[in-house]
Amino acid sequence: MVSRTQEAPRQGRAARPLATPLALDDAHGRTATDLRVSLTDRCNLRCTYCMPAEGLPWLPGDEVLTDDELITLIGVGVRRLGIRTVRLTGGEPLLRKNLEQIVSAIAAFEPRPQIALTTNGIGLARRAEALAVAGLDRINISLDTIDRETFKRLTRRDRLADVLAGVRAARTAGLDPVKINSVLMRGVNDHEAVDLVRWATGEGVQLRFIEQMPLDAQHGWDRGEMITAAEIGERLAELGPLEALDGRGSAPAERFRLGDSGHRVGIIAAVTRPFCGACDRVRLTADGQIRNCLFARTESDLRAPLRAGADDQQLAELWAAAVASKLPGHGIDDPSFLQPDRPMSSIGG
């Protein structure tokens, strides 16, 4: 077993000459080029739609990929499998030690991928500049409310000021565009839709509303309680009708201009308007499992073969086989749909 280390990660092991080129193709004509990497399942918030107040059992330390193991697997994806974007997620990725060094190691790959981070923003104020210097290109910050009391109710923590400071620090560090991800909850913060848009415009950040998805640890998601994309549009009506902007390609967010108000907003309607046909994402969990869909109920283990000595080509072939079996869609509307056993905090967004 590879021992854990607190030293800065190396560039992974030396890449051997590339054998037969591989791509992360599936049987439905899609190619995965966007890798989402969960750095940890741990989080410093307890959002009501994600986990219970007491938190969750965290992965044992020896099951989590070391820094060097992470860099090796990301390198396989970039150098051998055509990955062009690496998004670092959690849990909360700012809880991962050596995050700046991990970013720097990824930025040194040839070809260099785009590097993004999804965070709740706590602790970002003191690290945004260092992350930008290390090579971070883009950042998404999760923020569902700008009201302190509502934030405390949703997250069970009084940390709104820290998140807002992180938003400002990200802009100052040049991590533009700063994107804000917001989930509207019925009877909790859905009345803040307009206020969030106005705040985002004033801050110079891009707001994206996300339909709540069935990824909570409690398995309490109820489609009937979910605020849909159509309802989001209704709540924004006072700012003007939604006018669709340019095509989104494989991006999850539909982009809109709100009449003549000057406000712009994104909506990720993963449940009511799924975009599975254009999906180009694949996920690597903190314990080294490949997930070819956010809602997959099966995983493919890369940690065990890596620790057993598999070389880069063998790992690439295992990875490609895992993606080849990807289903055509997430199937939330299918009566047989079952929520994944892993919650979002363990999968990575």
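Every chain is numbered on its own, with residues counted from 1 as its sequence reads. Totals for whole chains, interfaces and linings use all residues, but because this is a predicted model, local features are given only for residues with pLDDT of at least 70 and pairs of side-chain atoms are given and counted only at 80 or more. For the side-chain quantities, the full set of heavy atoms in the structure was used; hydrogens and water were omitted.

**Observations concerning helix 9 (residues 312-324)**
Now for step 1: A run of H or I in DSSP becomes a helix once it reaches four residues, and a run of E becomes a strand once it reaches two; helices and strands are each numbered from the N terminus. Any helix carries an expected span of 1.5 Å times its number of residues minus one. Helix length check: helix 9 (13 residues) gives 18 Å between terminal C-alpha atoms against 18 Å at 1.5 Å per residue, within 8%.
Now for step 2: Between buried and exposed lies partly exposed: a residue is buried under 20% and exposed over 50% of the maximum accessible area for its type, with that area taken using a 1.4 Å probe on protein chains only. Taken residue by residue, helix 9 has Asp312, Gln313, Leu315, Ala316, Trp319, Ala320, Ala322 and Val323 as its buried positions.
Now for step 3: Only heavy atoms matter for contacts: two residues are in contact if any of them lie within 4.5 Å across the pair. Buried residues along helix 9 sit against strand 1 (34-38), helix 1 (67-81), strand 10 (281-284), strand 11 (289-291), strand 12 (300-301) and helix 8 (303-307).

**A short note on the pattern of salt bridges**
Now for step 1: Here, a salt bridge means any side-chain nitrogen of Lys or Arg that lies within 4 Å of a carboxyl oxygen of Asp or Glu. All told, the structure shown has 17 salt bridges when counted by the stated rule.
Now for step 2: Two residues, glutamate 100 and arginine 127, come together in a salt bridge whose shortest N-O distance is 2.8 Å. Within this pair, whereas glutamate 100 is found in helix 2 (residues 99-107), its partner arginine 127 is found in the loop between strand 3 (114-119) and helix 3 (128-134), the two being separated by 27 residues in sequence.
Now for step 3: Its relative accessible area of 16% is what places arginine 127 among the buried residues.

**Description of the sheet that holds strand 5 (residues 178-182)**
Now for step 1: In short, DSSP must find at least two bridges between two strands for them to pair. Pairing within the open sheet is mixed, and its 12 strands lie in the order 7-8-9-6-5-4-3-2-1-10-11-12. Taken across any chain shown, the strands that pair with only one partner, and hence form the sheet edges, are strand 7 (242-244) and strand 12.

**Structural notes on the packing of helix 1 against helix 2**
Now for step 1: As a packed pair, helix 1 and helix 2 sit with axes 10 Å apart at the nearest point and diverge in direction by 25°. Put simply, helix 1 runs roughly parallel to helix 2. Crossing angle aside, the handedness with which helix 1 passes helix 2 is right-handed. Two secondary-structure elements touch here, helix 1 through Asp67, Leu70, Ile71 and Ile74 and helix 2 through Ile102, Ala105 and Ile106.
Now for step 2: Any residue that is not Ala, Val, Leu, Ile, Met, Phe, Trp, Tyr, Cys, Pro, Asp, Glu, Lys or Arg is counted as polar, Gly included; the first ten are nonpolar and the last four charged. Here the contact of helix 1 with helix 2 is built from residues that sort into six nonpolar, no polar and one charged. For every element, the axis is a line fit to its C-alpha atoms; helices are fit only across the contacting stretch, and the angle between N-to-C directions ranges from 0 to 180 degrees. Comment on the angle field: the value is read as roughly parallel under 35 degrees, roughly antiparallel over 145, roughly perpendicular from 65 to 115, and oblique elsewhere. In this scheme the crossing of two helices becomes right-handed for a clockwise turn of the near helix relative to the far one and left-handed for an anticlockwise turn of less than a right angle.

**Some details on unusual backbone geometry**
Now for step 1: The linkage connecting glycine 90 with the following residue, glycine 91, adopts the cis geometry, with an omega of 10°.
Now for step 2: Residue position: glycine 91 is located in the loop between strand 2 (85-89) and helix 2.
Now for step 3: That bond from aspartate 176 to proline 177 is cis: its omega, -5°, falls within 30 degrees of zero.
Now for step 4: With respect to the secondary-structure elements, proline 177 resides in the loop between helix 5 (160-172) and strand 5.
Now for step 5: A positive phi angle, close to 65°, is found at asparagine 98, a residue other than glycine.
Now for step 6: With respect to the helices and strands, asparagine 98 occurs in the loop between strand 2 and helix 2.
Now for step 7: Residue classification places asparagine 98 among the buried residues on the basis of a relative accessible area of 15%.

**As for the pairing of strand 10**
Now for step 1: On strand 10, burial covers both faces: Arg281 and Arg283 on one face and Val282 and Leu284 on the other are all buried.
Now for step 2: Bridge analysis of strand 1 against strand 10 gives four bridges, and the strand direction is parallel. Each residue of the ladder has a partner; that of aspartate 34, found in strand 10, is arginine 281.
Now for step 3: Note: strand 10 against strand 11, two bridges, orientation antiparallel. Residue pairing for strand 11: arginine 283 is matched across the bridge by arginine 291.
Now for step 4: Taking the residues that link successive antiparallel strands as the turn, the strand 10-strand 11 hairpin has four residues, and the phi of glycine 288 there is positive, at about 80°.

**Focus: the pairing of strand 5**
Now for step 1: In terms of burial, strand 5 is a largely internal element, five of the five residues being buried.
Now for step 2: Along strand 5, one buried face is formed by Val178, Ile180 and Ser182 and the opposite face, lined by Lys179 and Asn181, is buried too.
Now for step 3: Note that strand 4 (residues 138-142) and strand 5 share four bridges and pair parallel. Paired with isoleucine 139 across the strands is valine 178, a residue of strand 5.
Now for step 4: In this structure, strand 5 lies alongside strand 6 (residues 206-210), joined through four bridges in parallel fashion. Bridge assignment links asparagine 181 to a residue of strand 6, and that residue is arginine 208.
Now for step 5: Note that the unit made of strand 5, helix 6 (residues 193-203) and strand 6 has a crossover that is right-handed. We call a crossover right-handed when, viewed with both strands directed away from the observer, the connection leading from the first strand over the helix to the second proceeds clockwise.

That is the geometry; function is a separate question.
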